[in-house]
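Commentary on secondary and tertiary structure
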Amino acid sequence: MIDAAELRRRTAELLAAHPPAGTDRLDFLKARFDAGLAWVHYPEGLGGLGAPRSLQAVVDAELEAAGAPDNDPRRIGIGLGMAAPTILQYGTEEQKRRFLRPLWTGEEVWCQLFSEPGAGSDLAALGTRAVREGEDWIVDGQKVWTSSAHVARWAILIARTDPHVPKHRGITYFVCDMTDPGVEVRPLRQITGEAEFNEVFLTGVRIPDAHRLGEVGDGWRVAQTTLNNERVAIGGMRLPREGGMIGPAARTWRERPELRTHDLHQRLLKLWVEAEVSRLTAERLRQQLVAGQPGPEGAGMKLAFARLNQEISGLEVELLGEGGLLYDDWTMRRPDHVDFTGREAGYRYLRSKGNSIEGGTTEVLLNIVAERVLGLPTEPRTDKDVAWKDLAR
């Protein structure tokens, strides 16, 4: 039985064998993974020890106190929060051993090839095709809003393998090699000036069947694991009190008394309370994950995350008055992660507009909460039993 004391002992052994001050960062991360201290709830041999998920905090606290390096989770968030749990649940043993270690150490960055310009919020209507050719699949299509595609080594991809059945039943899930010559990544410049997102064109991309996750035609079910984990990763991240967007706004209020008004005070107090409630709710949601995979409740957290970010960043710009209209740098660049709190209020205000789109649009998530959490009647869907090839496009 792995308990907190045993984890502390194993962590001490890791630190003794690989002192952070004298060990190469990547070598330390590899050793941590091999010791089962990467994600303790994963199986032995895959970065874990089969311990309760809640005990990860014990390891993290010991390593942080020793000054050990982390794996820069913001840079590899898609791999950690979306690809890894999907591979763990649906991957073969060979796939798990090939992909999980370099994913966790950050040696290989992952992206997500789900959204398409022709499908909009209806992900199941995707049109990217994968056609079987011997032991390979030949993939052609276009994906959009792909974070980190410009730095990614691998992608999780869903494509249509059977157009003759209803849209949800003809999809298959793959791991795509982003270095394939048929993969073209183009930047999408955003309102912030950055090109954090990309559009990806797939032309004759050859994916071996050994890189398929789940059964042929069962990709929608596999994708639900990814999407549920994505919403928790976005809306349920672990934050300290006044972490996230509310931190800079509260700091400005304390440091700039000349900007204060009664109305702004009332609005800030309301948002501070809502941010704290959201933070504690996210903590409870993470504790529920100890029992297994996340469910549709993550959609509610992601909804709250988007609304709060937009309201808080709007209040911060208003609080700063004329200064809130300034913008630090409109240079076109392609960052490898989003830094909400490392730049000015204007950046936070503009970047937060994407929060209600990424990870599932607000409208879609409201339907998920209504139908799958609250048990309300489903919306009429006339295309549910219609073959994808017969749908109007």
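If you're wondering where the values come from, they're calculated on a predicted model, not measured in any experiment.

A short note on the overall build of the protein
On a plain count of helices and strands, the protein comes out with eleven helices and eight strands. In terms of overall size, the protein behaves like a compact globule, its C-alpha atoms giving a radius of gyration of 22 Å where 393 residues would be expected to give roughly 21 Å. For the C-alpha atoms alone, the extent of the protein along its principal axes is close to 70 × 55 × 45 Å. The long-range fraction of contacts in the protein, counting pairs at least 24 apart against all pairs at least 6 apart in sequence, stands at 71%. Summing over all exposed atoms, the protein offers an accessible surface of approximately 18,500 Å²; the carbon and sulfur share of this is 53%.

Here we look at helix α4 (residues 77-90)
Taking 1.5 Å of rise per residue, 14 residues should cover 20 Å, and α4 covers 19 Å from first to last C-alpha, within 8% of that figure. At Ala 83, α4 shows its largest bend, some 40°, and a proline, Pro 85, comes one to four positions later. The buried count for α4 comes to twelve of 14 residues, which makes it a mostly enclosed element. Within the span of α4, buried status applies to Ile 78, Gly 79, Leu 80, Gly 81, Met 82, Ala 83, Ala 84, Pro 85, Thr 86, Ile 87, Leu 88 and Tyr 90.

Overview of the environment of Val 373
Along the chain, Val 373 turns up in helix α11 (residues 362-373). Separated by 55 residues in the primary sequence, Val 373 and Glu 318 place their C-alpha atoms 35 Å from one another. If we skip the residues at most four places from it in the chain, Val 373 touches Pro 296, Glu 297 and Ile 368.

Some thoughts on helix α7 (residues 246-255)
Counting buried residues in α7 gives seven out of ten residues, a clear majority hidden from the surface. Every buried residue of α7 is listed here: Ile 246, Gly 247, Pro 248, Ala 249, Ala 250, Thr 252 and Trp 253.

Some words on the packing of helix α1 (residues 4-17) against helix α3 (residues 56-65)
Their axes nearest at 9 Å, the elements α1 and α3 cross at an angle of 35°. Like other packed secondary-structure pairs, α1 and α3 cross with a definite hand, here right-handed. Of the residues in α3, those touching α1 at Ala 4, Leu 7, Arg 8, Thr 11, Leu 14 and Leu 15 are Val 58, Val 59, Glu 62 and Leu 63. Across the contact of α1 with α3, the residue classes tally to seven nonpolar, one polar and two charged.

Considerations on the pairing of strand β7 (residues 197-208)
Each regular strand carries side chains that alternate between the two faces of the sheet. Note: strand β3 (residues 136-143) against β7, seven bridges, orientation antiparallel. Bridging across to β7, Lys 143 finds its partner in Val 200.

Let's talk about unusual backbone geometry
Although it is not a glycine, Asp 72 adopts a positive phi angle of roughly 55°. Relative to the helices and strands, Asp 72 resides in the loop between α3 and α4. One non-glycine residue, Ser 148, lies in positive phi territory at about 65°. If you trace the backbone, Ser 148 turns up in the loop between β3 and β4 (154-160).

Side note on a nonpolar patch on the surface
On the surface, Val 373, Leu 374 and Leu 376 cluster together to form a nonpolar patch covering roughly 270 Å² of accessible area. Inspection of the secondary structure puts Leu 376 in the segment after α11.

Remarks on the environment of Ala 17
One can find Ala 17 in helix α1. A relative accessible area of 52% means that Ala 17 is categorised as exposed. Sequence-wise, Ala 17 and Ala 275 are 258 residues apart; in three dimensions their C-alpha atoms are separated by 41 Å.

Comments concerning the state of the cysteines
What the rule picks out here adds up to zero disulfides. With no disulfide of its own, Cys 111 lies 7.7 Å from the sulfur of Cys 176, the closest cysteine sulfur.

Calculation rules
Residues numbered from 1 in each chain as written. Predicted model: local features only at pLDDT ≥ 70, side-chain atom pairs only at ≥ 80, totals over all residues. Heavy atoms only, no water. Helix = DSSP H or I, 4+ residues; strand = E, 2+ residues; numbered from the N terminus. Rg over C-alpha atoms; globule rule 2.2 N^0.38 Å. Contact = heavy atoms within 4.5 Å. Areas by Shrake-Rupley, 256 points an atom, 1.4 Å probe, with all protein chains shown as cover. Expected span 1.5 Å × (residues − 1). Bend = angle between axes of the 7 residues up to and from the residue. Buried < 20%, exposed > 50% of the residue type's maximum accessible area, 1.4 Å probe, protein only. Axes fitted to C-alpha atoms, helices over the stretch in contact; angles between N-to-C directions. Left-handed = near helix turned anticlockwise from the far one by under 90°. Nonpolar A, V, L, I, M, F, W, Y, C, P; charged D, E, K, R; others polar. Pairing = 2+ DSSP bridges. Patch = residues over 30% accessible without salt bridge, like charges linked within 9 Å, V, L, I, M, F, W, Y side chains within 5 Å. Salt bridge = Lys/Arg side-chain N within 4 Å of Asp/Glu carboxyl O. Disulfide = S-S within 2.5 Å.

Interpretation in functional terms is not warranted from these geometric data alone.
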